[in-house]
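Take a look at the letters that make up each chain.
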Amino acid sequence: MTHQSAPANDGEVLVIEVDGTCPPTARADELAKRRGRRRKHAKACGCGCQRHRGQAKRKRRGGKKRRKKGDKSKNGKEVVVIVMYTLERGADGRLHGPKNKTVWASFGRRKRAALWARAEATKRGFGPNTTQTVQIVVDGASGLRNNLAEAFPNAIVTVDICHVVEKLWELGHRFRQEGSDERKTLVEDWKALVYAGRAEELVTRLRSLLDGVPRNGPGTLAKRKGLGKVIGYIEPRLSMMKYAEWRERDLVIASGQVEGAVRHVVGERMDCAGMRWIPGRAEALLHLRCIEINGDWEEFIAFTDQQIQKRLIEYEAVQIRSNKPLKCGFALAA
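As the structure is a prediction and not an experimental result, all values here were calculated from the model. (Residues numbered from 1 in each chain as written. Predicted model: local features only at pLDDT ≥ 70, side-chain atom pairs only at ≥ 80, totals over all residues. Heavy atoms only, no water.)

Undergrad: Report on the overall build of the protein chain, specifying residues and quantitative values.
TA: Each helix and strand in the protein chain was counted, giving 13 helices and 5 strands. Its C-alpha atoms give the protein chain a radius of gyration of 27 Å, more than 25% over the compact-globule value 20 Å for 334 residues. Considering only C-alpha atoms, the protein chain reaches an extent of 75 × 70 × 30 Å along its principal axes. By residue count, 37% of the 334 residues in the protein chain fall in the buried class. Look at the contacts in the protein chain between residues 6 or more apart in sequence, and 68% of them connect residues 24 or more apart. Surface exposure of the protein chain reaches about 21000 Å², of which carbon and sulfur atoms provide 49%. Both charge centroids of the protein chain, one from 65 positive and one from 39 negative side chains, sit 15 Å from each other. (Helix = DSSP H or I, 4+ residues; strand = E, 2+ residues; numbered from the N terminus. Rg over C-alpha atoms; globule rule 2.2 N^0.38 Å. Buried < 20%, exposed > 50% of the residue type's maximum accessible area, 1.4 Å probe, protein only. Contact = heavy atoms within 4.5 Å. Areas by Shrake-Rupley, 256 points an atom, 1.4 Å probe, with all protein chains shown as cover. Lys, Arg positive; Asp, Glu negative; His and termini not counted. Charge placed at Lys NZ, Arg CZ, Asp CG, Glu CD.)

Undergrad: Which residues make up the sheet that holds strand β3 (residues 95-106), and what values go with them?
TA: Here 5 strands make up an open sheet; going across it, the order is β3-β2-β1-β4-β5 and the pairing mixed. The two strands at the open ends of the sheet, each matched to only one other strand, are β3 and β5 (156-159). Going across the sheet, the axis of each strand differs from the next one's by a mean of 20°, ignoring polarity. Sheet topology note: the strand β1 (residues 13-21)/strand β2 (residues 79-89) ladder contains 9 bridges and is antiparallel. Note that in β2 the partner of E17 across the bridge is V83. (Pairing = 2+ DSSP bridges. Axes fitted to C-alpha atoms, helices over the stretch in contact; angles between N-to-C directions.)

Undergrad: Any chance you could break down the side chain of R124 for me, citing the residues and the numbers?
TA: For R124, the location among the structural elements is in the loop between α3 (110-123) and β4 (133-138). Accessibility expressed as a relative area gives 7% for R124, which makes it buried.

Undergrad: Before we move on, could you go through helix α2 (residues 50-61) and cite the residues and values that matter?
TA: Taking 1.5 Å per residue, 12 residues should reach 16 Å; α2 reaches 16 Å between its end C-alpha atoms and fits that length. Positive phi appears at G62, one or two residues downstream of α2, with a value of about 90°. (Expected span 1.5 Å × (residues − 1).)

Undergrad: Describe the packing of helix α6 (residues 181-195) against helix α7 (residues 199-211), listing the residues and the values that go with them.
TA: Direction vectors running N to C along α6 and α7 enclose 145°, while the axes themselves pass 7 Å from each other. Contact residues: D189, W190, L193 and V194 in α6; A199, E201, L202, R205, L206 and L209 in α7. Class assignment for the residues of the contact of α6 with α7 results in 7 nonpolar, no polar and 3 charged. (Nonpolar A, V, L, I, M, F, W, Y, C, P; charged D, E, K, R; others polar.)

Undergrad: Mind laying out the nonpolar core, listing which residues take part and the relevant values?
TA: In terms of nonpolar packing, the biggest core is built from 76 residues, with I16, V81, I82, F152, I234 and Y243 touching the most fellow members. Among the elements that line this core, the one with the most residues is β2, at 8 residues. In contact with I82, other than residues within four places in its own chain, are I16, E17, V18, T102, V103, W104, A113, W116 and A117. (Core = buried A, V, L, I, M, F, W, Y, C linked by side-chain atoms within 4.5 Å.)

Undergrad: Which residues make up unusual backbone geometry, and what are the values?
TA: Following G97, the chain continues into P98 via a peptide bond in cis, with omega recorded as 5°. Relative to the assigned elements, P98 resides in strand β3. Phi is positive for N9, which is not a glycine, with a value near 55°. By the element assignment, N9 lies in the segment before β1.

What follows is the structure in structure tokens.
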């Protein structure tokens, strides 16, 4: 991907959608157990059936320790996923796309993801001093937002509106019965303010509602915590919630592209039952999946063959796993 040239006929608006997920990774004690030498145990009984072998094994091992609050058996490590594409304004005045979509994922730190996005955007003609529109869509995570904002100081940073609406529905459950028309009416009223670009007015209403909730009494603690959580999420992000203006300009207000990429690239392959990954090895798999999804597999194979042939010419030892014959280094040198 680094050696690829920029796509031709790119659009005039660059959109960068970013999200993260945490596939399960192996802990040190799990790796030690799996890599250790296998012991042969005597049969638990004369039959030697699987059921009795399992009972004997659990008896030798002893009872499992109960996990403390906050302990996660998944031991997830974050994978940052970026989807970059452009939008082109048509004759109808609307932005159409996505064009030249590229998916990138890595276990590396968020700073590394921001550096890749910066380099890729520059290669596609959207440099640091570009006058073209660059939009970044995130889920509100401060780490992703801060690193990307530093790399793209003139970009439009947008919080995915679906995350905001989801929090409003969760808050509505604190004040109205689940599934009731009253809850729907309350949340739809809040949503209308968000879509109209009046998030600051929504915060004012929620603060007024918080002031009216007594500090003592049944259910009041959950209401106060829910209101405080939503206010604490929306208020620092007011500058990233100008949805009315962005809808008028036909820009992106939701991160559907990267949500689908997270599910397809990472979730369906690396977050299945019983899986435990080593980040160093899983990183290579992530890269291969991105290359396949981007439609660059044939180009990648050709690039790999060129690198192998170059090493053969330089008399390096190369391990080749292929069912097709390759030319040796001497023939290539001649």
